[in-house]
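Listed below, chain by chain, are the residues.
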Amino acid sequence: MRAYISNIKISVHIQLMYPFEVWMKVIARLLFTYLQVVLWETLFLSNGQIGNSFSSTETLSYILMVNLVYTFMFGNVISWINDQIRTGNILYDLLRPVNYCFLSASRYIGETIINICFKTIPMILVSLIFWRKWMVFNDHWLWFSISLLLGYLINYFYSYIIGLLAFWLIESWPLNMFLSAIYKLMSGMWIPVFLFPDSLKKVSAFMPYKYIYSTPVMIISNEMSSVEIYIELGIQFFWLIFIVLLMLIVWKAGKRHLVIQGG
């Protein structure tokens, strides 16, 4: 346990070594959120109602919350694992009496701590000051918290699996870029899932992405019945178990395929 706690502290220190980069990311996220809010406000002003029965308040509450959740979820797990495998540094961690998955998770937790302090909290304050009229949420905070935790775990293990693909690809950034685009689209980060065409909604329902961002955000920003919430939480739990089992298979196969470059 000490090794993992120590790695969390190291991850926090690494993030704080580049404060300028941290604040630039904060400003970039705030700017992106501002542009999204302005875009959706303009669309509602010109069309009145977009797509289905969801109102401007529900949609813009979703947009704000999904950006808040993104600041909490974001991490460099994929890049870190890719670099570890590509450079061969993963060998040192494999020789240590620690679980590599937990070691990587501790690094991710360290990033999350910095994200909350320097991204999520500033985003909440700015939203309350400038977009307070769109900060309209229901009282499902307990279910939202559970769903957010499940989404956080799904996001980590999914990222961990994608990072492990470097065992076979070595240079995996082209695939990462492709998967990242699909991830951001299908998770509802760019466009709310409830505004997808019916065909795309059906596709997203059979993929894990929407259960990372869209599900927790929908629970807190839109009216859902208790039965609907229980179903969404059940599906999230299913995806978490499935991805963990898949991760174990990929990890076992990846270790057998390990090739340390340069000797």
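A brief structural summary. What you are looking at is a predicted structure, and each value in this text was computed from that prediction instead of being measured.

1. A word on the overall build of the chain
When helices and strands are counted, the chain shows 12 helices and zero strands. Reading the secondary structure of the chain in the N-to-C direction produces α-α-α-α-α-α-α-α-α-α-α-α. Relative to the compact-globule value of 18 Å for 263 residues, the chain shows a C-alpha radius of gyration of 19 Å, a close match. In terms of its C-alpha atoms, the chain occupies a principal-axis envelope of roughly 65 × 40 × 35 Å. Taking all 263 residues of the chain together, the buried fraction comes to 47%. Looking at the chain alone, contacts between residues at least 24 apart form 81% of all its contacts between residues at least 6 apart. Counting every atom, the chain has about 13700 Å² of accessible surface; 70% of that belongs to carbon and sulfur.

2. Comments concerning the environment of K119
With respect to the secondary-structure elements, K119 resides in helix 6 (residues 100–130). By relative accessible area, which is 13% here, K119 ends up buried. A C-alpha to C-alpha distance of 29 Å links K119 and L165, two positions 46 residues apart in sequence. The residues contacting K119, other than those within four sequence positions of it, are K25, V26, T71, F74 and I114.

3. What to know about the nonpolar core
Counting residues in each nonpolar core, the largest one holds 65 residues, and the members touching the most others are V69, M73, I81, Y156, Y160 and Y213. Top contributing element to this core by residue count: helix 7 (residues 141–164), with 12 residues. Once you skip the residues sitting within four places of it in the chain, M73 turns out to touch Y108, L148, G151, Y152, N155, I212 and Y213.

4. Let's talk about the side chain of S147
As for its position among the elements, S147 is in helix 7. Classification of S147 as buried rests on a relative accessible area of 0%. Apart from residues no more than four positions distant in its own chain, S147 is found in contact with T215, P216, I219, L233 and Q236.

5. A look at the side chain of N7
Relative to the helices and strands, N7 resides in helix 1 (residues 2–16). For N7, a relative accessible area of 16% corresponds to the buried category. Beyond its immediate stretch of four places on either side in the chain, N7 contacts L103, S106 and R107.

6. Notes on empty space enclosed by the protein
Scanning the entire structure with this criterion turns up one cavity of 30 Å³ or more. Put simply, the largest cavity is a space of about 30 Å³. Elements represented by at least two residues in the lining of the largest cavity include exactly helix 2 (19–47) and helix 6. By residue class, the composition of the lining of the largest cavity is three nonpolar, one polar and three charged.

7. As for the packing of helix 7 against helix 12 (residues 226–256)
Here helix 7 crosses helix 12 at 25°, and the two axes come no closer than 9 Å. In this view, helix 7 runs roughly parallel relative to helix 12, as classed from their interaxial angle. In the packing of helix 7 onto helix 12, the handedness of the crossing is left-handed. A class-by-class count of the residues in the contact of helix 7 with helix 12 yields 22 nonpolar, three polar and no charged.

8. Side note on the layout of surface pockets
Size it by volume and the largest pocket reaches roughly 440 Å³. Contributing to the lining of the largest pocket are 19 residues, with F74, G75, I78, S159 and S180 lying nearest its centre. Secondary-structure elements contributing two or more residues to the lining of the largest pocket are helix 3 (56–73), helix 4 (77–87), helix 7 and helix 9 (173–186). Counting residues per element, the lining of the largest pocket draws most heavily on helix 9, at five residues. Taken together, the residues of the lining of the largest pocket break down into 11 nonpolar, seven polar and one charged. What the second largest pocket holds in volume is close to 300 Å³. Taken together, 14 residues make up the lining of the second largest pocket; nearest its centre are F194, K210, M218, M224 and E232. Contributing elements (two or more residues each) for the lining of the second largest pocket: helix 10 (198–205), helix 11 (214–221) and helix 12. The residue inventory of the lining of the second largest pocket, partitioned by class, reads six nonpolar, three polar and five charged.

Conventions and cut-offs
- Residues numbered from 1 in each chain as written.
- Predicted model: local features only at pLDDT ≥ 70, side-chain atom pairs only at ≥ 80, totals over all residues.
- Heavy atoms only, no water.
- Helix = DSSP H or I, 4+ residues; strand = E, 2+ residues; numbered from the N terminus.
- Rg over C-alpha atoms; globule rule 2.2 N^0.38 Å.
- Buried < 20%, exposed > 50% of the residue type's maximum accessible area, 1.4 Å probe, protein only.
- Contact = heavy atoms within 4.5 Å.
- Areas by Shrake-Rupley, 256 points an atom, 1.4 Å probe, with all protein chains shown as cover.
- Core = buried A, V, L, I, M, F, W, Y, C linked by side-chain atoms within 4.5 Å.
- 1 Å grid on protein atoms, 1.4 Å probe; cavity = no way out; pocket = protein on both sides within 12 Å on 5 of 7 lines; lining within 4 Å.
- Points joined across faces, edges and corners; volume = space filled by probe spheres on them.
- Nonpolar A, V, L, I, M, F, W, Y, C, P; charged D, E, K, R; others polar.
- Axes fitted to C-alpha atoms, helices over the stretch in contact; angles between N-to-C directions.
- Parallel < 35°, antiparallel > 145°, perpendicular 65-115°, else oblique.
- Left-handed = near helix turned anticlockwise from the far one by under 90°.

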